[in-house]
Each structure stands twice: as C-alpha cells, then as structure tokens.
Amino acid sequence: MSKNITKKAPPRSYVIRNGRVTASQKKSIKENWSEFGVDPKKTAFKEIFPNNSRIIVEVGFGSGENLLHLSEDQNSLHFLGIEVYTSGIGALIRRAKKRGVLNLKVINHDARNLFNNFIAKESLEAVLIFHPDPWPKRKHNKRRLVNDLFIKNIHKTLKRGGFLYFKTDSLDYFKKVNLKLNNVQGLKKIKIEELPIFLQSIPKSKYESKAITNKNQVNYLTYTKS
Ligand SMILES: C[S@@+](CC[C@H](N)C(=O)[O-])C[C@H]1O[C@@H](n2cnc3c(N)ncnc32)[C@H](O)[C@@H]1O
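Calculation notes
- Residues numbered from 1 in each chain as written.
- Predicted model: local features only at pLDDT ≥ 70, side-chain atom pairs only at ≥ 80, totals over all residues.
- Helix = DSSP H or I, 4+ residues; strand = E, 2+ residues; numbered from the N terminus.
- Buried ≥ 20, exposed ≤ 12 C-beta atoms within 10 Å, placed from the backbone.
- Contact = placed C-beta atoms within 7 Å.
- Pairing = 2+ DSSP bridges.
- Axes fitted to C-alpha atoms, helices over the stretch in contact; angles between N-to-C directions.
- Near = placed C-beta within 6 Å.
- Nonpolar A, V, L, I, M, F, W, Y, C, P; charged D, E, K, R; others polar.
- Parallel < 35°, antiparallel > 145°, perpendicular 65-115°, else oblique.
- Left-handed = near helix turned anticlockwise from the far one by under 90°.
- Core = buried A, V, L, I, M, F, W, Y, C linked by C-beta atoms within 7 Å.
- Expected span 1.5 Å × (residues − 1).

With that out of the way, let us pick up the overall build of the chain. Along its length, the chain carries eight helices and seven strands. Counting only C-alpha atoms and orienting by the principal axes, one finds that the chain spans roughly 55 × 50 × 40 Å. Within the chain, the fraction of its 226 residues that count as buried is 36%. Sequence-distant contacts in the chain: of pairs separated by 6 or more residues, those separated by 24 or more amount to 81%.

For sheets, the rule is that strands pair by backbone hydrogen bonds, running either parallel or antiparallel. Taken together, seven strands build an open sheet; the order of strands is β3-β2-β1-β4-β5-β7-β6 and the sheet is mixed. Looking at the sheet topology across the chains shown, the edges are occupied by β3 (104-107) and β6 (187-189). For this sheet, the mean angle separating the axes of adjacent strands, direction not counted, is 20°. Two strands pair when backbone bridges link them, and strand β2 (residues 78-82) and β3 are joined in this way by four bridges, in the parallel orientation. Counted as the bridge partner of F79 is L104 from β3. Packing of helix α6 (residues 171-182) onto the sheet brings it into contact with β5 (158-168), β6 and β7 (219-225), and relative to β7 it is tilted by some 15°.

This next bit is on the site of the ligand. Around the ligand there are 22 residues in total, and G60, G62, A111, S205 and Y207 lie nearest to it. A per-class count over the shell around the ligand returns 11 nonpolar, six polar and five charged.

Another point: the packing of helix α2 (residues 65-73) against helix α3 (residues 86-98). In the contact formed by α2 and α3, the axes pass within 10 Å of each other and the chain directions differ by 25°. The orientation of α2 with respect to α3, classified from their angle, is roughly parallel. In this structure, the crossing between α2 and α3 has a hand that is right-handed. Counting all contacts with α2, which are made through L67, L68 and S71, the residues of α3 involved are L92, R95 and A96. Of the residues assigned to the contact of α2 with α3, the class counts are four nonpolar, one polar and one charged.

Core analysis: the biggest nonpolar cluster contains 49 residues, and I56, V57, L92, L124, V127, L128 and L164 have the highest contact counts within it. Per-element accounting of this core gives the leading share, six residues, to strand β4 (residues 124-130). Setting aside anything within four residues of it in sequence, one finds V127 in contact with V57, V59, I154, L158 and L164.

On to α3. Taking 1.5 Å per residue, 13 residues should reach 18 Å; α3 reaches 19 Å between its end C-alpha atoms and fits that length. Buried within α3 are the following residues: S87, G88, I89, G90, A91, L92, I93 and A96. For α3, the elements touching its buried residues are α1 (23-36), α2, β2 and β3. A positive backbone phi angle near 70° is found at G100, which sits one or two residues after α3.

At N52, a residue that is not glycine, the phi angle is positive and equals roughly 65°. For N52, the location among the structural elements is in the loop between α1 and β1 (55-59). Note on N52: 6 C-beta atoms within 10 Å, which makes it exposed. The backbone of W135 sits at a positive phi, close to 40°, despite the residue not being glycine. Tracing the sequence through the fold places W135 in the loop between β4 and α5 (148-157). Its 19 C-beta neighbours within 10 Å are what place W135 among the partly exposed residues.

Strand direction decides the pairing type here: β5 and β7, joined by six bridges, are antiparallel. Residue pairing in the sheet places L164 in a bridge with Y223 of β7. Taken together, the three bridges between β6 and β7 define a ladder with antiparallel strand orientation. Paired with K188 across the bridge in β7 is T224.

Right, here's the structure in full:
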C-alpha cells in the first residue's frame, strides 16, 4: 500500500488584513481594477504588457509609493506590482488613475506562487523587494518571504544582466538573505552605484522613513544575474 505523503505547504509570509480596507479603497478597486488589475488565472504573463516590454516587478509594494514614483519617472519601462494587501492595491491604483499612469499593472496574489509558476523565465529587468515583513521572532522566521525556493525562482525569471534589489531594516533578515544570495551561482553582488540611476534614487517609502526615525538601520543587497 502506498503511503499518503501529504507535504505541508510552507507558512504564509503575510497575514490577510482585509478588514482594514477603507470605503475609498474599495471604490477604487471597483472602478480601476479593469484598467490596472491582472488575474493570473485568466491572463498569461506575456499578455500583461506589449511584446518586448522591459518589465520591473516590485514584490509586496505596501501602499505603492515606490511603484507610483517609478512608473511616472520611467515611462518607457513597464511595472508590475504584486501585493496580497487589498487596501494597498486600492490606494495605489486610485493614485495611478489620477496621474494618468499607463505603464503599471498589479496582481493581488502571493508572490511566491507567481514566481514559481506564472512569471516567464528570463523576462524581468529587475525585481525589487523592499522591507518584506521582518517576522522578528525566531519561531516566525520561517514565514519570511525570501527563502531558498523564492531566490531560485527570482534567478530563473530575471533576464541576464537583470537586477535584484533587496532592502530591510531587520539586521538578522539582512544577514540571512546575504548568506543565501552569496551562495547562488549566477548571481553577482554589485555596488548600489552599479544599479541604473533611477533605481538608486527611489524616494523612501513611509515604512522606510519610519524605520529610520526609529533608528533601525536599513541595509540593502544588490545583485545582477550573470
Ligand atoms: C512591511 S510592508 C513593506 C511595503 C513596501 N515594500 C515598503 O517598502 O514600504 C511588506 C508588504 O509585503 C506584502 N507581502 C508579504 N508577503 C507577500 C507575498 N507573499 N506576496 C505579496 N506580497 C506580500 C505585505 O502585504 C506588505 O504590504
């Protein structure tokens, strides 16, 4: 008789907080989803943007300040935001609509699944992961977004010469991700000055400003796919 081997799914890197979605965020989703939202069950990755688009993905964009800035600043590039937090999506697409942004799409889904089986191989110019939830308690460390499989999938989806830019105000998370990334063949550590200028000059998000006010040092890691 064969054994019933049920592999436990890894714990989620987030807690759903849909209770906090404001009326205006809900309205924004209703009105703007058809323009900015992508349902990965109905749309293939290559259909999201025109052929040969240069695509940058931000994982866990929170309220979307970085993406709003980038999509306005770099209108020849295309930006895809992945976020599980509905209120952040509502806030971002409301502002994007107001400002007439045309090069931005969002997906409301767990980024780990999308990098595993939705985003095409060698399709991304850059992956941005800014301040993923730090899960500081040791017993919760396994919930951290950036694990070995996620790194492997990021590597797979980056184009040759593409960039991975990771920032965190958790020293422990920084050290662990640094060790992991240094062991990935085909990812080369670079100085921040080697990133394209527009990635070096992204304004601080609310989360990052708060970290700095609280005297939590922000550390970053920058890599390129060789
Ligand atoms: C601490 S916030 C940082 C927001 C933003 N990146 C910034 O720097 O201000 C982390 C965000 O990651 C999102 N997140 C966590 N796990 C995720 C996952 N598996 N897929 C997509 N988003 C995720 C959370 O919902 C949250 O909005």
